Amino acid sequence: MEATAVVRLLADLGVPLPPAGKLIVRSPIDGGQLTSLVPHTPAEVDAAVAVAQSAFLAWRLVPAPRRGELVRRLGATLRRHKAVLAELVILESGKIRSEALGEVQEMIDICDFATGLSRQLYGLTIASERPGHRLMETWHPLGVCGVITAFNFPVAVWAWNAALALVCGNGVVWKPSEKTPLTALACQALLAEVAAELGDVPPGLSTLLLGGADVGAVLADHPAVALVSATGSCAMGRAVAPQVAARFGRSLLELGGNNAMIVAPSVDLDLAQRAIVFAAAGTAGQRCTSLRRLFVHEAIAPDLLPRLRQAYASLRVGDPRDEGILVGPLIDAAAFAAQQGALAEAKADGGHIFGGERVTVAGGTGGYYVRPALVDMPAQTDLVTRETFAPILYIMTYRDFAAAIALHNAVPQGLASAIFTNDLREMEVFLSAAGSDCGIANVNVGPSGAEIGGAFGGEKETGGGREAGSDAWKAYMRRATNTINYSRDLPLAQGVKFV
Ligand code: NAD
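Only a predicted model underlies this, so the values are computations on that prediction, with no experimental measurement involved. (Residues numbered from 1 in each chain as written. Predicted model: local features only at pLDDT ≥ 70, side-chain atom pairs only at ≥ 80, totals over all residues. Heavy atoms only, no water.)

Enquirer: Mind showing me how you'd approach a nonpolar patch on the surface here?
Expert: Residues Leu490, Leu492, Val496, Phe498 and Val499 make up a contiguous nonpolar surface patch of about 620 Å² in total accessible area. Of the residues examined, leucine 490 reaches a relative accessible area of 64% and is grouped as exposed. (Patch = residues over 30% accessible without salt bridge, like charges linked within 9 Å, V, L, I, M, F, W, Y side chains within 5 Å. Areas by Shrake-Rupley, 256 points an atom, 1.4 Å probe, with all protein chains shown as cover. Salt bridge = Lys/Arg side-chain N within 4 Å of Asp/Glu carboxyl O. Buried < 20%, exposed > 50% of the residue type's maximum accessible area, 1.4 Å probe, protein only.)

Now the structure itself:
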């Protein structure tokens, strides 16, 4: 039935279903096959990069505000098709409707942002030490941007990259997750349609490559791909980063997180409870920013923990299309095995587990549904320092604030973090150089659900990349420093005398 729905949704968008092939696409809702597609070959990757490269050579000369017009129109078409695109996101990723709509909204938001940005690709004018000279910085288009994305944000992450890359004057070659290629097909087709309308967009400026890690690896290794923006697990980053570095390419890595929250004694408990439940159980714990570690001050643990158990017990787990469901399925059997394995290890480490069991869902045979788990841990064991991409929240108590910050930072990842406190000193320390070591540090807001206006990304094994707002656009351009002499003399820098 879902396979028919896919055909209908794609037809609503005017997108023909490509030929069947050996890439099987399943819905996490019931494990049923949605479609099958033909993966691209290495030769096709080569061809896509070559076309994008020649499109780039023309596109870089198009004035940036005109490039912004393409992205403005993309945003308009995404707005028009928001509901249909969200349905596809639900079917292939298992997100609940409001989160799937939110994902499409993120694409619209970044298109708005990038359109404005197309008139603001500013460089600096810098005081020269020499008379009659001027120094300035110019930002130029970079080249072909390879974009590799993960299953859990099947399209928003592409839009974060593509909207900026396109206004910055680049070509884009996108390799979406092999688990979620359908909305990618739809978005790519919508972009091709607005590009054709505009008339002056070179053909092949944006291409889609279907396939798994092997296709991603060929893209990442391609010498003509100036920037590889790769989102996914730390394991993927560990493979891609040296490959790109070996050819002196530029990489933008958005990898795994192991996000924590400190809950201090002055906390507003209602606020913290709501934030924790959304951040840890929302999207079935399958956000890179999902809350995975909770450090609760021992004075308030007796108040907060029963509240969390109560809230967790009332979370409705089930078919993400149904009204009132808050927790949909895990993406696949491997994710379920990892969740079960982590819970078994937590138990062996002395953890007390609440929830975590498989949930049977009517019509969802073949889907992997689990009750989000709360795990009281005696310590931050090795298990807790790893990212398990499932709704498991490890809870630890603390007495000393400085020790809590030290534990907070004592993991290899550094994506998102939060503190819930009404104590001004704790708040400022958490945000200071001696506080959270993450790329995202929030106060009285959970770690997940970032707005596109800020730069998004994390430190350490999260990869160090920044996407979306603020000055993240600079990753998609190359900077030239220019010295201009308008005098009739030739003074050398640093007062050097020569002939
Ligand atoms: P994954 O690493 O399995 O796959 C991500 C993408 O990388 C896919 O398109 C895959 O085909 C490709 N890929 C895998 N190995 C590759 C290789 N060696 N060379 C080139 N491409 C390769 O990740 P996933 O399971 O799809 O997504 C979940 C992970 O992504 C989690 O770890 C999550 O934290 C992370 N994630 C991070 C962010 C972020 O912004 N930091 C956002 C979303 C997801």
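Continuing now.
Enquirer: Can you walk me through the site of the ligand in this structure?
Expert: The immediate surroundings of the ligand are formed by 28 residues, with Thr149, Lys175, Glu178, Ser233 and Glu387 found nearest. Between the ligand and lysine 175 there is a distance of 2.7 Å, counted from an oxygen atom to a side-chain nitrogen or oxygen. The contact in question runs from an oxygen atom of the ligand to an N or O atom on the side chain of serine 233, over 2.5 Å. For the ligand, the protein covers 89% of the area, taking 840 Å² as the surface of the free molecule. The set of elements that each furnish at least two residues to the shell around the ligand consists of helix H8 (213–221) and helix H9 (234–246). (Near = heavy atom within 4 Å. Polar contact = N/O pair within 3.5 Å; in protein donor to acceptor, adjacent residues only side chain to side chain. Helix = DSSP H or I, 4+ residues; strand = E, 2+ residues; numbered from the N terminus.)

Enquirer: Teacher, can you tell me more about the nonpolar core here?
Expert: Nonpolar side chains tend toward joint burial in soluble globular proteins. With 115 residues, the main nonpolar core has Leu70, Trp158, Val263, Ile276 and Leu294 as its most contacted residues. Take this core: its biggest share by element is 11 residues, from helix H6 (residues 156–167). Taken domain by domain, the makeup of this core includes at least three residues from each of domain 1 (43–255 + 463–481) and domain 2 (259–443). Dropping the residues within four chain positions of it, leucine 294 is found in contact with Met261, Val263, Ile276, Leu304, Leu308, Leu393, Tyr394, Ile395 and Met396. Judged by nonpolar contacts, the second largest core, of 21 residues, contains Ala264, Val384, Tyr398 and Ile419. (Core = buried A, V, L, I, M, F, W, Y, C linked by side-chain atoms within 4.5 Å. Domains from an automatic or database assignment. Contact = heavy atoms within 4.5 Å.)

Enquirer: Can you help me understand the domain arrangement of the protein chain in this one?
Expert: You'll often see interface size given as the accessible area lost when the parts meet. In terms of domains, the protein chain is made up of domain 1 (43–255 + 463–481) and domain 2 (259–443). A straight line from the C-alpha centre of domain 1 to that of domain 2 covers 31 Å. On the domain 2 side, the residues contacting the 15 residues of domain 1 number 17 residues. Linking domain 1 with domain 2 are 2 salt bridges, by the criterion used here. Arginine 287 is paired through a salt bridge with glutamate 99; the nearest N and O atoms lie 3.0 Å apart. Viewed at the interface, domain 2 and domain 1 are joined by 5 residue pairs in polar contact (both at pLDDT 80 or more). Broken down by secondary-structure element, the contributors of at least two residues to the side of domain 1 that touches domain 2 are helix H4 (82–93) and helix H5 (97–117). Ranked by residues supplied to the side of domain 1 that touches domain 2, first place goes to H4 with 4 residues. Partitioning the side of domain 1 that touches domain 2 into residue classes produces 6 nonpolar, 3 polar and 6 charged. (Nonpolar A, V, L, I, M, F, W, Y, C, P; charged D, E, K, R; others polar.)

Enquirer: Looking at this model, I keep getting lost on the side chain of serine 177. Mind explaining?
Expert: In this fold, serine 177 is placed in the loop between strand E6 (171–175) and helix H7 (182–198). Judged by its relative accessible area of 7%, serine 177 is buried. Separated by 3.0 Å, the side chain of serine 177 and the backbone nitrogen of lysine 179 make a polar contact. The contact partners of serine 177, leaving out residues within four places of it in the chain, are Thr149, Ala150 and Phe151.

Enquirer: I would appreciate a short explanation of the UniProt feature "domain: Aldehyde dehydrogenase" (unreviewed entry) in the protein chain in the present structure.
Expert: Under the local residue numbering, the UniProt record ascribes the feature "domain: Aldehyde dehydrogenase" (unreviewed entry) to residues 23–479. Secondary structure within residues 23–479 divides into 39% helix and 20% strand; the distance between the first and last C-alpha atoms comes to 40 Å. (UniProt positions renumbered as here; feature names shortened; annotations may be inferred.)

Enquirer: How should I be thinking about the sheet that holds strand E14 (residues 392–398) in this particular structure?
Expert: One key point about sheets: their strands pair by backbone hydrogen bonds, in either a parallel or an antiparallel sense. With mixed pairing, 7 strands are arranged side by side in an open sheet as E12-E13-E14-E11-E10-E16-E17. At either margin of the open sheet sits one strand with a lone partner, and together these are strand E12 (352–354) and strand E17 (440–443). Strand-to-strand, the axes of this sheet are offset by a mean angle of 20°, without reference to chain direction. Relative to E14, strand E13 (residues 373–376) runs parallel, the two sharing 4 bridges. Pairing of alanine 373 across the sheet is with isoleucine 392, part of E14. The strands that helix H12 (residues 333–348) touches are E12, E13 and E14; relative to E14, the one it contacts most, it runs at about 25°. Sheet strands in contact with helix H13 (residues 401–409) are strand E10 (259–263), strand E11 (291–297), E14 and strand E16 (416–420), and its direction is about 170° off that of E10. (Pairing = 2+ DSSP bridges. Axes fitted to C-alpha atoms, helices over the stretch in contact; angles between N-to-C directions.)

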